[in-house]
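Spelled out from the first residue to the last, the chains are:
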Amino acid sequence: GSSDLQSTQNAIKRDDRRLESVELSVQYDNEVDMERYSVGVSLPLSFTSERSEQKRLEAMHSSSAISHRHEYDMREKSAMFATLKSNLKSQAVTVNTLRSNLKSYTVQLLPLMEKSYLYGENPLTEYLLNRQKYHQIQQSYYHHLKAYYHTLFRLYTLSEQKENS
């Protein structure tokens, strides 16, 4: 992510230089009847070359692509974060409703059905069907509770990744 962007920005800076080096040389020769001084300047031929300009443009393009990809990834994470947050809220409502239903079954309905069966007012099948319904609600409760925690951990992991990027 950011290391790719940093390396392409360094490439842009490197290829943006106009002159990489300039050399200056001075020479003195003393021959029998003549003294000679020579001065030289050396410039690299590639400082205006098409190749270095092409490299610079490629680095700029790469930097732009990395920047757009990072922006896209951040938008995607934000959308996923919002979706998970919404799912978590609806799962919390479902879990609370099922917990309330289980409490009602445990505290009110099942004891009433058991007394009704023991006093002979209801058949055994009705009592067993109510116990089966209770176990189905309990199973649904644990299933939704598991989904709630799974979403919560995904949300937590995503928020950690978002903070680190």
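What counts and what doesn't
Residues numbered from 1 in each chain as written. Predicted model: local features only at pLDDT ≥ 70, side-chain atom pairs only at ≥ 80, totals over all residues. Heavy atoms only, no water. Helix = DSSP H or I, 4+ residues; strand = E, 2+ residues; numbered from the N terminus. Buried < 20%, exposed > 50% of the residue type's maximum accessible area, 1.4 Å probe, protein only. Contact = heavy atoms within 4.5 Å. Areas by Shrake-Rupley, 256 points an atom, 1.4 Å probe, with all protein chains shown as cover. Patch = residues over 30% accessible without salt bridge, like charges linked within 9 Å, V, L, I, M, F, W, Y side chains within 5 Å. Salt bridge = Lys/Arg side-chain N within 4 Å of Asp/Glu carboxyl O. Phe/Tyr/Trp six-rings, centres within 6.5 Å; stacked < 30°, edge-to-face > 60°. Pairing = 2+ DSSP bridges. Core = buried A, V, L, I, M, F, W, Y, C linked by side-chain atoms within 4.5 Å. pLDDT = per-residue confidence, 0-100.

J.: Could you give an account of the overall build of the protein chain, naming the residues involved and the relevant values?
T.: The secondary structure content of the protein chain amounts to three helices and two strands. Within the span of the protein chain, comprising 165 residues, buried residues form 17% of the whole. Relative to all contacts within the protein chain whose residues are 6 or more apart in sequence, the contacts with residues 24 or more apart total 64%. Surface exposure of the protein chain reaches about 12,900 Å², of which carbon and sulfur atoms provide 53%.

J.: Please provide a residue-by-residue account of a nonpolar patch on the surface, values included.
T.: A cluster of nonpolar residues, V22, L24, V26, V39 and V41, forms a patch on the protein surface that exposes about 560 Å² of accessible area. Among the elements of the structure, β1 (23-30) and β2 (35-42) are those that each provide at least two residues to the nonpolar patch. Looking at where L24 falls in the secondary structure, it is placed in strand β1.

J.: Tell me about the packing of aromatic side chains, and name the residues and values.
T.: Using the criterion set out here, one finds five aromatic pairs in the structure. Ring geometry for Y148 and Y149: centres 5.3 Å apart, planes at 75°, overall edge-to-face. An aromatic cluster is built from Y148, Y149 and F153, whose rings are joined through pairwise contacts.

J.: Residue-level account of the pairing of β1, with values.
T.: Two faces make up the sheet, and in a regular strand the side chains alternate between them. Among the eight residues that make up β1, zero are buried, leaving the element largely open to the surroundings. Sheet topology note: the β1/β2 ladder contains eight bridges and is antiparallel. Along β2, the bridge assignment pairs N30 with E35. Linking β1 to β2, which pair antiparallel, is a turn of four residues.

J.: I'd like a rundown of the nonpolar core, residues and numbers included.
T.: V95, L98, L102, Y105, L110, Y134, I137, Y141 and L145 form the largest nonpolar core, which has nine residues in total. Elements supplying a minimum of two residues to this core: α2 (50-118) and α3 (124-164).

J.: So, the confidence of the model for the protein chain: which residues are in play, and what are the values?
T.: Taken as a whole, the protein chain shows an average pLDDT of 82; of its residues, 79% reach a score of 70 or greater. Element-level mean pLDDT values for the protein chain span from 60 in helix α1 (residues 2-15) up to 91 in α3.

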